[in-house]
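An overview of the molecular structure
The residues making up each chain are set out below.
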Amino acid sequence: MVWTGTWVAERLGVELIGGEELPALLGLALRRNPKRAHLLVSSVLGKHVPQRPSVVYGSGLGLGVRVRELLGDEEAARSVVLGYAETATALGHAVADGLGLAPYLHSTRRPVAGVARAGGFEESHSHATSHLLLPEDPKLLAGGGPLVLVDDEFSTGNTVLNTIRDLHARYPRERYVVVALVDMRSTADLGRLDAFAEEIGARVDLLSAAAGTVHLPEGVLEKGQALVAEHEKAYGAPGAGQAPVGGVREPVRVTLDWPEGLPDGGRHGFTPEHRELLEEALPELAAGLGRALETDREASAAPRTPGGGGRGGRGVLVLGFEELMYAPLRLATALEETGHDVHYSTTTRSPVLAVDDPGYAIRTRLVFPAHDAPADGPGERYAYNVAGGGFDAVVLVVDSAADTPELHAPDGLLAQLAAHVPRVVLAVVPSYTPTVSEAPERSSMLPEPLRGPAFSSYAPEEVGWLLQDLSGVELEAPTEEREEAIQSGGAHYAESLPVEYQPSARYQDLFHSALEGSAARIARAVGTVTETVLAERPGRAPVLVSLARAGTPVGVLMRRWAKARHGLDLPHYAVSIVRGRGIDANALRWLAAHHDPADVVFVDGWTGKGAITRELAEAVKEFEATEGIAGFDPEIAVLADPGSCVRTYGTREDFLIPSACLNSTVSGLISRTVLRSDLVGPNDFHGAKFYRELAGSDVSVAFLDAVAARFDEVTEGVDLDVKELLAADRTPTWEGWAAVERISEEYGIHDVNLVKPGVGETTRVLLRRVPWKILAKRGADADLAHVRLLAEQRGVPVEEVDELPYSCVGLIHPQYTRGATGADGKAVVSQ
């Protein structure tokens, strides 16, 4: 038998290293993805390769039994199992079944109205990265028992460790168990799990069915992308998107007697009691499918289609749908137990090259439009190894949310299946609607915005702060204590404040020199972004909502430009957004009560890798689903977009914005925002402090005045810039995120949150965190004088590098200890 990885191995030199069982479990394919070249294709997962359902289910079940043996019955009964969308939803479910005593939850990319997010994380290499955790029971993850995390493969471990880090900050516990079909860590990654466990102060075990590594030769990503492009240009994709042939019969719909109240999967939690209910119902559900298949077979007079099945073919394929893997799998196992010849697989979002070669894991590909109104917009979806599979019939199982016109369209999945398989049966499982408890009664009278001079040194008309004043609370903590707490998961960065940096005379001189040299450049970027915002909203006056605090000086400047150039008096507010926690929902409620949400334009200073851009998009989506208030556009307008994360910007150059050089003394004397449960209640705005005592060092208004004074001289340049921008393709490329991922791996950091790209973010690292080293783009000295001074004061090395999309990148110490560089208890040594 030919190993289904030979085609890739021979052409790219990718090598699978491990025991004899690995080639039987894994094949190789090429991703149509700029982030990773290869795809490990499991033969027992039931995602890309049709497999006997008993084999798929048994693989997860056996791992669950091993977890129960590891934990013991008492701890197993206290545990929770968490699976990953979309690939491991059924695998995690099967592990939970093998464990037998634990509830199950899987992450999802489908937000649901009324269900609050209990967590979320990014899968950095994925084609669709944002994962949500939406348990119906908000206490599901809050217990102290073990958390069992299940994925199909454990390679670098980044996704799993990022998940644990996020959840440990919210719901700390003493033990985690990581479960995977295959452990494919490299030698360099083998020690990370133990180091991570020690870092967070918890035990982390790993169980897998097999172990090995993948050897990736130099330049494999570029070679893989070239091979994909060459192959698709020359050969197209076997079985891809063929139109239905004449005489193809309409699919038969079967009505499933699905038990009332039984979830269709673990998107909102699946308990042992749910499992019992399903087990009782499965025989009759399978019998109903069997009757539909038999009736359809007898009624069928259609000839065998090219590449299809027929009498004596491979029998029935039960085809699931993206995250909906477990219900189709259990229906398939029950059908198999009644004597039917059954295989099982599911559709997927994952774009993979198809090559009709016995040494390649993905032989054919069906392409069809998404059919469940996905939150991230329309796009292609795929079914692999179905065309040409020789199946007599396909039973497509979807949930009711996916039974849409797109599914039944001429180019939809049903039509694509009908083009290749003689008989198609559609079975629809009702989408589970969680019971959402009533939200606590909220204050109907949210306070009015805070304004200067009582709060901030800005004039009252310049900005209203949708914050609460925490000036009387002691919130500052030494830098090394904050870093240790943040990286260990013991505290979130928004629960405390760094000690405010008091600039030395030398540093103040640098600020004023930088402002004098860049004021016109900033003025031009302010004018460009403001005019772009106005041009895209003809006849409407935007409401500027800056993300406190880096966005607030930019919001004030945009307001000043609109007034000076057009006589517009634009409202401007500042709100809090916290990475990992979202935007202040009470602030959005206040804005919706006083303005049309469609008029709101979110404003920030600059983009780094785009984490806040993503955070805002998810937060607005969740707010709309929870509150039923629509209209907020999560697009952010920024002064500088070096990471190519947004469509509305003044420039995409990474240059020095002097307001990034300082903290509160250039931001109206306001601290960064604070979100701590003992200080911020469910009806409160997020908090911040007003550092009145620093008034003698305040340059906030001086900064604004210096930039505004240059407005007149840049108007001609602004008009040219705006004309070009409005005619250009401004679609974000996210090249900054890609660069951060590359740097994270190259420097062995393995956490994108510790890589801070751009002048502004690098400055923040030096002022607030424990820096490890600074990467400086060769030749970018003009914008980096203050960065080099801060690095010198903290004893942080500056490494000159080429081919950097930013002027500089700050690296936070990846394995922080109190002996780490710069751990002196101060934001920076003043000299």
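Details of the structure are given in the entry above.
A brief look at the structure comes next.

Each helix and strand in the chain was counted, giving 22 helices and 33 strands. Taken over 831 residues, the chain has a buried fraction of 60%. Taking contacts inside the chain between residues at least 6 apart in sequence as the whole, the part at least 24 apart equals 78%. Accessible area for the chain stands at about 30,900 Å²; split by element, carbon and sulfur atoms hold 51% of it.

This part takes up the sheet that holds strand 9 (residues 175–183). The strand order across the open sheet built from six strands is 1-10-9-8-4-5, with neighbouring strands paired in mixed fashion. The open sheet terminates on both sides in strands that have one partner only, identified here as strand 1 (15–18) and strand 5 (104–106). Strand-to-strand twist across the sheet, computed as the mean angle between neighbouring axes with direction ignored, equals 30°. As paired strands, strand 1 and strand 10 (residues 203–215) are joined by four bridges and run antiparallel to one another. Counted as the bridge partner of isoleucine 17 is threonine 213 from strand 10.

Now for helix 5 (residues 89–99). Summarising burial for helix 5: 11 of the 11 residues are buried, a large majority. When helix 5 is considered as a whole, its buried residues turn out to be Thr89, Ala90, Leu91, Gly92, His93, Ala94, Val95, Ala96, Asp97, Gly98 and Leu99. Note on helix 5: the residue one or two positions beyond its end, glycine 100, has a positive phi of about 80°.

This next bit is on the sheet that holds strand 28 (residues 648–651). Pairing is parallel across the open sheet formed by six strands, whose spatial order is 18-23-22-26-27-28. One side of each edge strand has no neighbouring strand; the edge strands of this open sheet are strand 18 (464–465) and strand 28. Relative to strand 27 (residues 636–640), strand 26 (residues 600–606) is paired through four bridges, and the arrangement is parallel. Opposite phenylalanine 602, over in strand 27, you have isoleucine 636 as the bridge partner. Taken strand by strand, helix 16 (residues 585–594) contacts strand 22 (543–547), strand 23 (572–575) and strand 26, and its axis lies near 160° from that of strand 23.

The rules behind the values
Residues numbered from 1 in each chain as written. Predicted model: local features only at pLDDT ≥ 70, side-chain atom pairs only at ≥ 80, totals over all residues. Heavy atoms only, no water. Helix = DSSP H or I, 4+ residues; strand = E, 2+ residues; numbered from the N terminus. Buried < 20%, exposed > 50% of the residue type's maximum accessible area, 1.4 Å probe, protein only. Contact = heavy atoms within 4.5 Å. Areas by Shrake-Rupley, 256 points an atom, 1.4 Å probe, with all protein chains shown as cover. Pairing = 2+ DSSP bridges. Axes fitted to C-alpha atoms, helices over the stretch in contact; angles between N-to-C directions.

Read these as layout, nothing more, since geometry by itself doesn't imply function.
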